[in-house]
Amino acid sequence: MKPSRNFAFAAALTCSAGLTFAQSGDPLAFHSNRKATENTLTFLDGKTVKYRAYENLYYVANVVDSAYQYLNVYVPESAWATTSKAPMFLRTYVGGYFSSKAQAPSNTDASGRALREGYVLVIPGARGWNAKVTKNGSTVFPGKAPAGIVDLKAAVRYLRHNDAAMPGDAERIVTDGTSAGGAMSALLGATGNHPAYEPYLTALGAAKARDDVFAAVAFCPIIDLEHADLAYEWLYGGTNSGPRNLSSAQAAVSNELAALFPAYQASLGLKTPDGTPLTADNYRDYLKSFLVKSAQAARNAGFDIPANTGVKLNSGFRGSPGEFVLDVDLDAYLAYLVGKTPLKAPPAFDKLGVLGPDATPENQVFGDETGKAANYTEFSLRKATGDASATVDKALRDRVFRMNPMNFIGDPRATTTKNWYIRHGAADRDTGFQIPVNLYTKLVNQGYAVDFALPWNRGHSGDYNLDEVFAWIGDVLKTPKK
Ligand code: DHB
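Residues numbered from 1 in each chain as written. Predicted model: local features only at pLDDT ≥ 70, side-chain atom pairs only at ≥ 80, totals over all residues. Heavy atoms only, no water.

(A) Looking closely at the overall build of the protein. On a plain count of helices and strands, the protein comes out with 14 helices and 13 strands. Relative to its length of 482 residues, the protein is compact, with a C-alpha radius of gyration of 23 Å against a globular reference of 23 Å. Looking at the protein alone, contacts between residues at least 24 apart form 72% of all its contacts between residues at least 6 apart. Accessible area for the protein stands at about 19,300 Å²; split by element, carbon and sulfur atoms hold 53% of it. Across the protein, 49 positive and 46 negative side-chain charges occur, with their mean positions spaced 4 Å apart. (Helix = DSSP H or I, 4+ residues; strand = E, 2+ residues; numbered from the N terminus. Rg over C-alpha atoms; globule rule 2.2 N^0.38 Å. Contact = heavy atoms within 4.5 Å. Areas by Shrake-Rupley, 256 points an atom, 1.4 Å probe, with all protein chains shown as cover. Lys, Arg positive; Asp, Glu negative; His and termini not counted. Charge placed at Lys NZ, Arg CZ, Asp CG, Glu CD.)

Here it is as structure tokens:
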């Protein structure tokens, strides 16, 4: 820490009425006369949007990794006035829990589309597991969990801190990300202002401002990492000796993990929409209800649904108009998926040292500053060490806790957004369907409005169906959920 910088930062915060003002000497000030670069984004249909780019805005006073801890802001011509109250669209490019750079708008994803809609686009970088810096002559990895979500929260705080000086309305930030980035978007949506992140944000010299957001868009969020292994094996276990073709050692691990799922599911205390407790006993039927809706939407849109998907159509005349989906044979459907994209081998997430030396992105992100990967569940730690009473240490458990939005939904200390759009492809096997379905169910049980679907035949991807996403954003901006 450089004392002079800290002093300047502290001076910027001692304003009246508890408000924070960006002023000279404030390392986090966005000066409204800051020079912008002007540029034009051309879309595939020939439409163009002129925008101003403000890049490399460091969002913490105590930068740890200068490659990532800044954000870029892109302002479409319609929002150039400093007083513009255009909504802000915060797109994170976190994937695989890697570090992600602040980058420029793309004409093929939600970032460009946000500009086209007249929103102020914000692309923050964030540290991930592979972030690497030299400190006192040695290499350290400062991006281990929860660094990624902490950085993104600091970015949100920067936008609020500078709300008066910047075009766009920091009270209307919509976040978006895919996969590990979907997890980040869900965390931003779930954990607003929660004190659990405060020590990290304080250490970074983040702006003293709120970090809740207006709405969260999450594509295939890879969350609940500490229970994802159980869910995966419980769901797909039926394919172990069929299309998944596991060895007997793998099948044994799969069975042990699957056996732990019912207690976990019961511990969540979730309910289906009709108030029935959601347990392992009725979970397959509950999941089928989403798949039936998904297949029906695809049929309505004219897509053929092959018989080997296990989808039962009413007419017996496949391809006839007005067909409706009666049922899905879940075992046939899961076997069909495994045939399309091979599954992850057990354990799917906390894999390190259990049946081989491979470390997953999750083992990496829960590793330590020296770069060493780590087990973060008791199950895998015990297998990997051979110590049947080994436990995950408290410091790591606390880090794992902060990476799971499930832990913050319903916690009165969190300001959770009421506006949610969540998608997980019906052909996405990167995590078990229970993970996004439980997220949806927990939010709905807590009274939040969630637009949720498992889109038919979609694999592990995001930012698709942008017309639908932006129609939803337009709706919630007009009529925010209370
Ligand atoms: C991502 C995918 C995974 O399968 C995973 O375990 C973690 C992250 C991703 O695409 O970001």
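(B) Quick peek at the sheet that holds strand β3 (residues 70-76). Here we have nine strands laid out as an open sheet, ordered β1-β2-β3-β5-β4-β8-β9-β12-β13, and mixed in their pairing. Strands at the two margins of the open sheet, each flanked by one partner only, are β1 (37-42) and β13 (449-453). The average undirected angle you get between the axes of adjacent strands in this sheet is 20°. With respect to the sheet, helix α13 (residues 434-445) is in contact with β12 (419-423) and β13, its orientation differing from that of β13 by roughly 155°. (Pairing = 2+ DSSP bridges. Axes fitted to C-alpha atoms, helices over the stretch in contact; angles between N-to-C directions.)

(C) Looking closely at the site of the ligand. Around the ligand sit G95, G96, S179, A180, I222, K344, F349, E362, D430 and H460, and that is every residue in its neighbourhood. In this structure, an oxygen atom belonging to the ligand sits 2.5 Å away from a main-chain N or O atom of G96. S179 places a polar side-chain atom, nitrogen or oxygen, 2.7 Å from an oxygen atom of the ligand. Starting from 290 Å² of accessible surface for the ligand in isolation, the protein chains cover 84%. (Near = heavy atom within 4 Å. Polar contact = N/O pair within 3.5 Å; in protein donor to acceptor, adjacent residues only side chain to side chain.)

(D) Region of the structure containing the side chain of T309. Take T309: it is sitting in the loop between α8 (280-300) and β10 (311-313). Looking at T309, the relative accessible area reads 0%, which means it is buried. A distance of 2.6 Å separates a polar side-chain atom of T309 from the backbone oxygen of P306. Aside from chain neighbours lying at most four places away, what touches T309 is D329, A332, Y333, Y336 and W456. (Buried < 20%, exposed > 50% of the residue type's maximum accessible area, 1.4 Å probe, protein only.)

(E) Structural detail: the layout of surface pockets. By volume, the second largest pocket amounts to about 510 Å³. Along the walls of the second largest pocket sit 20 residues, with S294, A297, L454, P455 and W456 positioned nearest its centre. Contributions of two or more residues to the lining of the second largest pocket are made by α8, β12 and β13. Considering each element in turn, the lining of the second largest pocket owes the most residues, five residues, to α8. Residue classes in the lining of the second largest pocket are distributed as 13 nonpolar, three polar and four charged. (1 Å grid on protein atoms, 1.4 Å probe; cavity = no way out; pocket = protein on both sides within 12 Å on 5 of 7 lines; lining within 4 Å. Points joined across faces, edges and corners; volume = space filled by probe spheres on them. Nonpolar A, V, L, I, M, F, W, Y, C, P; charged D, E, K, R; others polar.)

(F) Summary view of the environment of I173. Along the polypeptide, I173 turns up in strand β8 (residues 169-178). In this structure the C-alpha to C-alpha distance between I173 and Y200, which are 27 residues apart in sequence, comes to 22 Å. With sequence-adjacent residues up to four places away left out, I173 is seen in contact with M88, L90, V156, L159, V213, F214 and A215.

(G) Highlighting the packing of α8 against helix α9 (residues 330-340). Interhelical geometry of α8 versus α9 gives an angle of 65° and a closest axis separation of 11 Å. When the axes of α8 and α9 are compared, the pair comes out roughly perpendicular. As α8 packs across α9, the resulting crossing turns out to be left-handed. For the pair formed by α8 and α9, the contact residues are R284, L287, K288 and L291 on the first element and L330, D331 and Y333 on the second. (Parallel < 35°, antiparallel > 145°, perpendicular 65-115°, else oblique. Left-handed = near helix turned anticlockwise from the far one by under 90°.)

(H) Inspection of the packing of aromatic side chains at higher detail. Under the criterion given, the structure shown has 24 aromatic pairs. Ring geometry for Y421 and W472: centres 5.5 Å apart, planes at 50°, overall tilted. One end of the pair, Y421, is in strand β12; the other, W472, is in helix α14 (residues 466-478), and 51 residues separate them in sequence. Between the aromatic rings of Y440 and F452, the centroid separation amounts to 4.7 Å while the plane-to-plane angle is 15°, which identifies the pairing as stacked. Of the two residues, Y440 is situated in helix α13 and F452 in strand β13; the sequence distance between them amounts to twelve residues. The same class applies to Y440 as to F452, namely buried. One aromatic cluster is present, formed by W234, F261, Y283, Y286, F290, Y440 and F452 through successive ring pairs. (Phe/Tyr/Trp six-rings, centres within 6.5 Å; stacked < 30°, edge-to-face > 60°.)

(I) Seen up close, the nonpolar core. Counting residues in each nonpolar core, the largest one holds 118 residues, and the members touching the most others are Y97 and L159. Residue contacts for Y97: discarding those within four places in its chain leaves G128, W129, A180, A183, M184, I222, L225, P361, E362, V365 and M403. (Core = buried A, V, L, I, M, F, W, Y, C linked by side-chain atoms within 4.5 Å.)

(J) Region of the structure containing the pattern of salt bridges. Applying the stated criterion to the full structure yields 29 salt bridges. For R157, the salt bridge identified is with D211, shortest N-O distance 2.8 Å. Pair noted here: R157 is in helix α3 (residues 147-161) and D211 is in the loop between α5 (198-204) and β9 (215-219), with a separation of 54 residues, a long-range link. For the residue pair R157 and D211, the accessibility class agrees, reading buried in each case. (Salt bridge = Lys/Arg side-chain N within 4 Å of Asp/Glu carboxyl O.)

(K) Geometry of the side chain of S84. With respect to the helices and strands, the residue S84 is situated in the loop between β3 and β4 (87-91). Here S84 falls in the buried class, since its relative accessible area comes to 11%. For S84, the side chain forms a polar contact with the main-chain nitrogen of A86, separated by 3.1 Å. Aside from chain neighbours lying at most four places away, what touches S84 is A79, P167, G168 and D169.

(L) Up close: the environment of P455. Position of P455 relative to the elements: it lies in the loop between β13 and α14. The class for P455 is buried, based on a relative accessible area of 18%. It is 44 Å that separates the C-alpha atoms of P455 and T134, two residues lying 321 residues apart in sequence.

(M) Main features of the pairing of β9. Counting buried residues along β9, five of its five residues qualify, which places the element largely inside the surrounding structure. Both faces of β9 are covered, namely the face carrying A215, V217 and F219 and the face carrying A216 and A218. Across five bridges, β8 lies against β9 in parallel orientation. Of the residues in β9, the one forming a bridge with D176 is V217. Pairing of β9 with β12, which is carried by five bridges, proceeds in the parallel orientation.

Everything listed here is a matter of coordinates, which is why it stays silent on function.
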